[in-house]
Amino acid sequence: MRIGVISDTHGSLTGWEKAWQIIKNTDIIIHCGDLFNHGPGNPIPKKYSPKELLNIFNNLKIPLLISKGNCDSEVDQTFLNIPLCYPFLFYQTNNLRILASHGHIFKRDEWIELGKKWKIKILISGHTHISSLEKIEDIIILNPGSPSIPKEKQPTCAKIDIEEKTVKIFDL
């Protein structure tokens, strides 16, 4: 099983299209929120088209699991035919437990403690627009960054391959 991981698309078709090239051959996609709105603290991203991105998400053939972000609103759920999970999304396949959240609610230490308590193997969060990958004890901590408004040099997304036991961040 392969899992595409993305966060902080902020309504950008350019960001989505770049990430799609990496995650289109996965079995599911986990999105850590901030789907459509760019928010007052961010610039308007390239090819900003929330309505078109909504249409893409609603018609994906790959299951899309979403953790609601701080820029996602109640009205987004009105148009989206996928539930926005809040404050986190839990996914389990066989013995692998994954916990995803946007990243704006839990402090890092609380997030890690929650992961330990729930016997999580992969903790995923976005929000910072900075990709990172680390392992603390038996928990992999992943931030896929942002394909749309990166706060680092490159837009990014990630992929988890359960059979190969790999987690990779991809520059777009």
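1. Quick look at the pairing of strand E11 (residues 166–171)
- Pairing between strand E10 (residues 156–161) and E11: six bridges, direction antiparallel. Residue pairing for E11: threonine 156 is matched across the bridge by aspartate 171.
- Between E10 and E11, which pair antiparallel in sequence order, lie four residues; one of them, lysine 165, sits at a positive phi of approximately 60°.

2. Concerning helix H1 (residues 13–23)
- The complete set of buried residues in H1 reads Leu13, Thr14, Gly15, Trp16, Ala19, Ile22 and Ile23.
- Looking at the packing, one finds that the buried side of H1 touches strand E1 (2–6), strand E2 (28–31), helix H2 (50–58), E10 and E11.
- N-capping of H1 is provided by serine 12, with a side-chain oxygen placed 3.4 Å from the backbone N of threonine 14.

3. A few points about the nonpolar core
- In this structure, Trp16, Ile29, Phe57 and Leu80 are the most contacted members of the largest nonpolar core, which totals 21 residues.
- With five residues, the single largest contributor to this core is H1.
- What tryptophan 16 contacts, discounting residues up to four positions off in sequence, is Ile6, Ile23, Ile29, Leu53, Ile56, Phe57 and Leu60.
- Within the second largest apolar cluster, 16 residues are counted, among which are Ile28, Cys32, Ile124 and Val167.

What counts as what
Residues numbered from 1 in each chain as written. Predicted model: local features only at pLDDT ≥ 70, side-chain atom pairs only at ≥ 80, totals over all residues. Heavy atoms only, no water. Pairing = 2+ DSSP bridges. Helix = DSSP H or I, 4+ residues; strand = E, 2+ residues; numbered from the N terminus. Buried < 20%, exposed > 50% of the residue type's maximum accessible area, 1.4 Å probe, protein only. Contact = heavy atoms within 4.5 Å. Polar contact = N/O pair within 3.5 Å; in protein donor to acceptor, adjacent residues only side chain to side chain. Core = buried A, V, L, I, M, F, W, Y, C linked by side-chain atoms within 4.5 Å.

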